[in-house]
Amino acid sequence: MSQLSVEHLLGIKYLNKQDIDLIFQTADHFKEVINRPIKKVPSLRDITIANLFFENSTRTKLSFELAEKRLSADIINFSAGQSSVKKGETLIDTVNNILSMKVDIVVMRHPNVGAGVFLSQHVDAKIINAGDGTHEHPTQALLDSYSIREKLGSVTGKKVVIIGDILHSRVALSNIFALKMQGAQVKVCGPTTLIPKHVKSLGIEVEINLKKALAWCDVANVLRVQHERMDIKYFPTTREYKQLFGINKEILDSLDKKIVIMHPGPINRGVEITSDVADADQSIILNQVENGVAVRMAVIYLLAQQIKR
Ligand code: NCD
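Participant: Hey, could you run me through the overall build of the protein in this one?
Facilitator: What the protein contains, in helices and strands, is 11 helices and nine strands. Its C-alpha atoms give the protein principal-axis dimensions of roughly 55 × 45 × 35 Å. Going through the 309 residues of the protein one by one, you find that 55% of them count as buried. Partitioning the contacts of the protein with sequence separation of at least 6, the portion at a separation of at least 24 is 74%. Element-wise, carbon and sulfur atoms account for 51% of the exposed surface of the protein, whose accessible area totals about 13800 Å². With 39 positive and 33 negative side-chain charges, the protein shows a spacing of 1 Å between the two charge centroids.

Participant: Looking at this structure, how should I read the sheet that holds strand β2 (residues 74–79)?
Facilitator: Pairing between sheet strands relies on hydrogen bonds along the backbone, with the strands arranged either parallel or antiparallel. An order of β2-β1-β3-β4 is seen for the four strands of this open sheet, with the pairing classed as parallel. Among the strands making up the open sheet, the edge pair consists of β2 and β4 (126–132). Within this sheet the neighbouring strands show an average axis-to-axis angle of 15°, counted without direction. Here strand β3 (residues 105–110) runs beside β4; their pairing, made up of five bridges, is parallel. Its bridge partner being in β4, H110 is matched across the sheet by D132.

Participant: I keep staring at the site of the ligand and nothing clicks. Help me out?
Facilitator: Taken together, R59, T60, R109, H137, Q140, R170, V171, R224, Q226, P264, G265 and P266 make up all the residues around the ligand. With respect to the ligand, the side chain of R170 contributes an N or O atom lying 2.7 Å from an oxygen atom. Interatomic distance of 2.9 Å between a backbone N/O atom of G265 and a nitrogen atom of the ligand. Taking a 2 Å distance to the grid points as the criterion, the majority of the atoms of the ligand fall inside the largest pocket. Going through the elements one at a time, α2 (59–70) and α6 (170–181) are the ones with two or more residues in the shell around the ligand. Tallied by class, residues from the shell around the ligand come to three nonpolar, five polar and four charged. Looking at which domains feed residues into the shell around the ligand, each of domain 1 (12–136 + 289–304) and domain 2 (138–285) supplies at least three.

Participant: Any chance you could explain α6 here in plain terms?
Facilitator: Since the α-helix advances by 3.6 residues per turn, residues separated by three or four positions end up pointing in the same direction. Given a rise of 1.5 Å per residue, 12 residues ought to cover 16 Å, and the 17 Å separating the end C-alpha atoms of α6 matches this to within 8%. Regarding α6, the residues found buried are R170, V171, A172, S174, N175, I176, A178 and L179. Taking the backbone nitrogen of V171 as reference, a side-chain oxygen 3.2 Å away marks S169 as the first, capping residue of α6. Remark: G183 follows α6 within two positions and exhibits a positive phi of approximately 80°.

Participant: Is there a simple way to think about the pairing of strand β5 (residues 159–163) in this case?
Facilitator: The two faces of a sheet get side chains in turn, since along a regular strand they alternate between them. Counting buried positions along β5 yields four of five residues, so the element is predominantly enclosed. Chirality of the crossover, the property in question, places the unit of β5, α6 and strand β6 (residues 185–189) among those that are right-handed. The pairing of β5 with strand β8 (residues 219–222) spans four bridges and is classified as parallel. Residue I162 lies in a different strand from β8, and its bridge partner there is N221.

Participant: Looking at this structure, how should I read the sheet that holds β5?
Facilitator: Strand order in the open sheet made by the five strands is β7-β6-β5-β8-β9, with parallel pairing throughout. Edge strands, defined here as strands with exactly one partner in the open sheet, are β7 (205–206) and β9 (260–262). Bridging between β5 and β6 involves five bridges; their strand directions are parallel. Bridge pairing links I162 to V188 in β6.

Participant: Please explain the layout of surface pockets as it appears in this structure.
Facilitator: It is the rolling of a water-molecule-sized probe over the atoms that shows where space remains empty. By volume, the largest pocket amounts to about 390 Å³. Forming the walls of the largest pocket are 20 residues, and the residues nearest its centre are R109, R170, R224, G265 and P266. For the lining of the largest pocket, the secondary-structure elements that each account for two or more residues are α2 and α6. Residues of the lining of the largest pocket, tallied by class, amount to four nonpolar, nine polar and seven charged. Its boundaries defined by the atoms lining it, the second largest pocket holds a volume of some 250 Å³. Contributing to the lining of the second largest pocket are E7, H8, V103, D104, S120, V123, D124, A125, K126, Q306, I307 and K308. Here the residues of the lining of the second largest pocket sort into four nonpolar, three polar and five charged.

Scoring rules and cut-offs
- Residues numbered from 1 in each chain as written.
- Predicted model: local features only at pLDDT ≥ 70, side-chain atom pairs only at ≥ 80, totals over all residues.
- Heavy atoms only, no water.
- Helix = DSSP H or I, 4+ residues; strand = E, 2+ residues; numbered from the N terminus.
- Buried < 20%, exposed > 50% of the residue type's maximum accessible area, 1.4 Å probe, protein only.
- Contact = heavy atoms within 4.5 Å.
- Areas by Shrake-Rupley, 256 points an atom, 1.4 Å probe, with all protein chains shown as cover.
- Lys, Arg positive; Asp, Glu negative; His and termini not counted.
- Charge placed at Lys NZ, Arg CZ, Asp CG, Glu CD.
- Pairing = 2+ DSSP bridges.
- Axes fitted to C-alpha atoms, helices over the stretch in contact; angles between N-to-C directions.
- Near = heavy atom within 4 Å.
- Polar contact = N/O pair within 3.5 Å; in protein donor to acceptor, adjacent residues only side chain to side chain.
- 1 Å grid on protein atoms, 1.4 Å probe; cavity = no way out; pocket = protein on both sides within 12 Å on 5 of 7 lines; lining within 4 Å.
- Sits in = over half its atoms within 2 Å of the grid points.
- Nonpolar A, V, L, I, M, F, W, Y, C, P; charged D, E, K, R; others polar.
- Domains from an automatic or database assignment.
- Expected span 1.5 Å × (residues − 1).
- Right-handed = clockwise from strand over helix to strand, strands pointing away.
- Points joined across faces, edges and corners; volume = space filled by probe spheres on them.

Here it is as structure tokens:
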């Protein structure tokens, strides 16, 4: 059985194409498992996983938990809001306390960039980054590419535009790395204030005209406007944002082809995407959620194979 080239999943930038292929082949197997009447395998019966969420999350947390349960791992859950972090405990102390309970794998979401890397250097457990600030969100990018592969047969050669708040988005950065690694063509589109200055150095193009971007692409990955990360005003009004960068039925109907619509969630219905588009048959938003469980099962399973037991 092949192995991943990495000991942790800290970011897509540390992976190679073979790793992504291996994760997808493993996820294909688990996708079949989660569609069986008994959706569970005993693979990780001897493994304990801690889910440490220092930042809010709904679907990522539920998706990891479900993936772990489907693999029969023991799990413990921790959310910063209800913990001693509020009493001033450091990250290392919190995590070491949890690890003394003999945890093998830590899934961590943290508001600080590089939190996962830091942890992997200080604690003896496998680390999976479930989002570190505005940096990376590797399992989201993997499930996004997996969903494109499922819908269009392959990621290689496909034209993907990522739309919206690129500046604050860990989903955008991880997607850019993953898509480029698999040979897709990538553009970003959004208000110039929300496009990082040096984004072209990642080998992608910037298209500020939404209509042109949509006419070019096979897939549009629409991002949430991350108000909670904005310390200043990046665009005048939500109404103007909607007019210039919102995805609605009229703009999609004006194209001469049917493109695939994606969104990592949570959706701001009526802001970056209208309800009819989010629920349309060209939207694969709920397939992304389903695939998230299979892809996370694959990542956890492959990392667990490296643990000596
Ligand atoms: C994303 C995140 O938290 O980075 N959501 C997610 O994981 N499904 C994107 C977002 O919050 O907009």
